[in-house]
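The lines below spell out each chain.
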Amino acid sequence: MGSGHTVAVFGAYGHTGRFVVAQLRDRGFVPVLSGRDADKLKVLASESGLEARPASVGDPASLDRALAGAAAVINCAGPFAATAAPVIEAALRAGIPYVDVAAEIEANVDTFTHFTDRARAAGAVIVPAMAFYGGLGDLLATAAMGDWTAADEAHIAYGLSSWHPTAGTRAAGAVSRQRRDGRRVRYTNGRLEYRHDDPPTLEWPFPDPMGPRAVIGEFTMADVVTVPSHLSIPEVRTYMTVEAAREVVAPDTPAPAPADELGRSDQTFLVDVVVRSGGSERRAVARGQDIYAVTAPLVVEAVDRILTGRTRTVGVASAGEIFDAPDFLRALSSHISLDLRP
């Protein structure tokens with residue numbers, strides 16, 4: 001675990017970045033703090049006793065200095081439409097794995113589109129969306145598939161007790177809305193489709209104790225990039241409880257507030273994944289606390305597995321493709337509770 005490996009964290013002072021830094025230390029890694037705001041880095045370095053290396057995505061030399069001597073880099077700095085490509089380029093120059101926590105659909109598409117061939121040719125590892133959105137759903141869908149080689153459809157329903165967005169979530173959402181020109185997106189017939197109509201509202205049968213809840217259908221998250229990147233499923237739908245969907249876009253919703261000694265909010269989540277093939281159905285369920293905090297064990301477990309050779313491919317790959325999904329999920333048992341029924 002960790003073995004003293006140095007891991008650069010770009011965006012270390014952000015809400016999720018701080019959870020990632022703490023998780024790296026808990027796992028025996030040595031985080032190097034990096035990001036664009038030198039003043040925030042200085043404060044975090046003073047608090048933590050860790051080394052700070054300011055860097056800008058517009059200054060490749062500064063990124064090279066930030067990654068010098070690191071075994072891997074975790075990018076926690078959104079909007080990833082601006083940060084992913086420059087930090088990936090720096091990781092390729094340094095010859096180290098790159099992992100990010102991007103929930104931006106288009107930014108993740110860009111990573112697969114622009115870096116797949118180069119990363120595979122270099123034998124490099126690039127894992128985008130290794131987070132609550134994109135990573136966890138992909139792992140659950142892959143585990144639920146079991147021995148199926150294809151399925152007709154995958155449904156990923158998010159039962160959040162609340163969704164108080166961070167500043168990073170708001171900034172990323174603004175960039176995504178701008179890139180989509182106000183349209184919404186869904187994954188159907190094996191491709192992304194952009195639409196001007198309103199998404200449907202329906203009822204999702206969450207397992208107990210949550211039970212049936214009203215959800216926004218086609219509340220599309222990064223899973224529509226990660227899941228079909230390696231699973232033969234032409235229809236991928238994601239859903240969000242109505243209350244959480246309203247909160248995340250409301251301008252007066254406060255940021256998440258710490259509610260325990262780990263700094264987690266009191267938000268709880270239930271992720272219900274159903275894959276269907278013909279008349280058969282398989283399900284995987286995860287429960288836990290704080291979608292931002294749980295991203296940290298997800299991304300750090302990924303880095304640990306990459307650095308210890310517990311991977312299945314090279315190049316740009318989503319969580320479910322590069323890792324043994326059931327084994328990865330079981331490794332998170334102290335952070336999430338699981339019900340896998342492949």
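Keep in mind the model is a prediction, meaning the values are calculated, not measured.

Peer 1: Help me get a handle on the overall build of the protein, residues and values and all.
Peer 2: In terms of helices and strands, the protein carries 12 helices and 16 strands. Over its C-alpha atoms the protein spans a radius of gyration of 19 Å, differing by no more than 12% from the 20 Å that the globule rule assigns to 342 residues. Judged by the C-alpha coordinates and their principal axes, the protein covers about 55 × 45 × 40 Å. By residue count, 55% of the 342 residues in the protein fall in the buried class. Counting contacts in the protein only where the partners sit at least 6 residues apart, residues at least 24 apart contribute 70% of the total. When the accessible surface of the protein is totalled, it reaches about 13,700 Å², and 49% of it is carbon and sulfur. Computed over 33 positive and 41 negative side-chain charges, the inter-centroid distance for the protein is 2 Å.

Peer 1: Any chance you could break down the pattern of salt bridges for me, citing the residues and the numbers?
Peer 2: Taken as a whole, this structure holds 28 salt bridges when the rule is applied. Of the charged contacts in the structure, one is a salt bridge between R195 and E193, with a shortest N-O distance of 3.0 Å. Across the salt bridge formed by D304 and R310, the nearest N and O atoms sit 2.4 Å from each other. For D304, a relative accessible area of 5% translates into the label buried. In this structure R310 comes out as partly exposed when scored by relative accessible area, which is 37%. A cluster of three or more residues bridged by salt bridges with shared partners is formed by R184, R186, R191, E193, R195, D197, E218, E235 and R237.

Peer 1: If you had to explain the nonpolar core to someone new, which residues and values would you point to?
Peer 2: In this structure, M130, F132, L136, L160 and W163 are the most contacted members of the largest nonpolar core, which totals 107 residues. Here L136 is in contact with A131, F269, V271, A286, L298, L329 and I336, once residues within four sequence places are set aside.

Peer 1: Before we move on, can you summarise helix α4 (residues 80-94) with the specific residues and values?
Peer 2: Given a rise of 1.5 Å per residue, 15 residues ought to cover 21 Å, and the 20 Å separating the end C-alpha atoms of α4 matches this to within 8%. When we look at burial in α4, the residues that qualify are F80, T83, A84, V87, I88, A90 and A91. The buried residues of α4 occupy an angular sector of 165° when the element is viewed end-on, so they sit on one face. Directly after α4, the chain includes G95, whose backbone phi takes a positive value near 70°.

Peer 1: Describe the pairing of strand β7 (residues 153-160), with residues and values.
Peer 2: Of all eight residues in β7, seven are buried, a share of seventy percent or more. Both β7 and strand β12 (residues 235-241) contribute to a ladder of six bridges, which runs parallel. Across the sheet, the residue bridging to Y158 is M240, located in β12.

Peer 1: Tell me about the pairing of strand β13 (residues 268-277), and name the residues and values.
Peer 2: Counting buried positions along β13 yields seven of 10 residues, so the element is predominantly enclosed. With eight bridges connecting them, β7 and β13 associate as antiparallel partners. Each bridged residue has a counterpart across the sheet, and for I156 the counterpart in β13 is V273. Sheet topology note: the β13/strand β14 (residues 280-289) ladder contains 10 bridges and is antiparallel. Following the sheet pairing, D272 is matched in β14 by V285. Hairpin geometry of β13 and β14 is characterised by an intervening segment of two residues between the two adjacent antiparallel strands and by a positive phi of about 60° at G278.

Peer 1: I'd like a rundown of the side chain of E218, residues and numbers included.
Peer 2: Of note, E218 is situated in the loop between β11 (212-217) and α8 (223-226). Of the residues examined, E218 reaches a relative accessible area of 12% and is grouped as buried. Of note is the side chain of E218, whose polar atom sits 2.6 Å from the side chain of R184. At 3.1 Å, the side chain of E218 forms a polar contact with the side chain of R186. Once residues within four sequence positions are removed from consideration, E218 is found in contact with R184, V185, R186, P199, P200, R237, T238 and Y239.

Peer 1: Before we move on, can you summarise the packing of helix α3 (residues 60-67) against α4 with the specific residues and values?
Peer 2: Running from N to C, α3 and α4 point in directions that differ by 55°, and their axes come no closer than 9 Å. Put simply, α3 runs oblique to α4. For the element pair α3 and α4, the recorded crossing hand is right-handed. Residues P60, L63, D64 and L67 of α3 touch α4, and the partners they reach there are P86, V87, A90, A91 and R93. Here the residues of the contact of α3 with α4 sort into seven nonpolar, no polar and two charged.

Peer 1: An account of the environment of T166 is requested, with residue identities and associated values reported.
Peer 2: Along the chain, T166 falls in the loop between β7 and α7 (167-179). For T166, a relative accessible area of 10% gives the class buried. Between the alpha carbons of T166 and Y292 there is a distance of 8.9 Å; along the sequence they are 126 residues apart. Those residues in contact with T166, other than ones at most four positions away along the chain, are H15, P256 and Y292.

Parameters and conventions
Residues numbered from 1 in each chain as written. Predicted model: local features only at pLDDT ≥ 70, side-chain atom pairs only at ≥ 80, totals over all residues. Heavy atoms only, no water. Helix = DSSP H or I, 4+ residues; strand = E, 2+ residues; numbered from the N terminus. Rg over C-alpha atoms; globule rule 2.2 N^0.38 Å. Buried < 20%, exposed > 50% of the residue type's maximum accessible area, 1.4 Å probe, protein only. Contact = heavy atoms within 4.5 Å. Areas by Shrake-Rupley, 256 points an atom, 1.4 Å probe, with all protein chains shown as cover. Lys, Arg positive; Asp, Glu negative; His and termini not counted. Charge placed at Lys NZ, Arg CZ, Asp CG, Glu CD. Salt bridge = Lys/Arg side-chain N within 4 Å of Asp/Glu carboxyl O. Core = buried A, V, L, I, M, F, W, Y, C linked by side-chain atoms within 4.5 Å. Expected span 1.5 Å × (residues − 1). Arc of directions from axis to C-beta. Pairing = 2+ DSSP bridges. Polar contact = N/O pair within 3.5 Å; in protein donor to acceptor, adjacent residues only side chain to side chain. Axes fitted to C-alpha atoms, helices over the stretch in contact; angles between N-to-C directions. Parallel < 35°, antiparallel > 145°, perpendicular 65-115°, else oblique. Left-handed = near helix turned anticlockwise from the far one by under 90°. Nonpolar A, V, L, I, M, F, W, Y, C, P; charged D, E, K, R; others polar.

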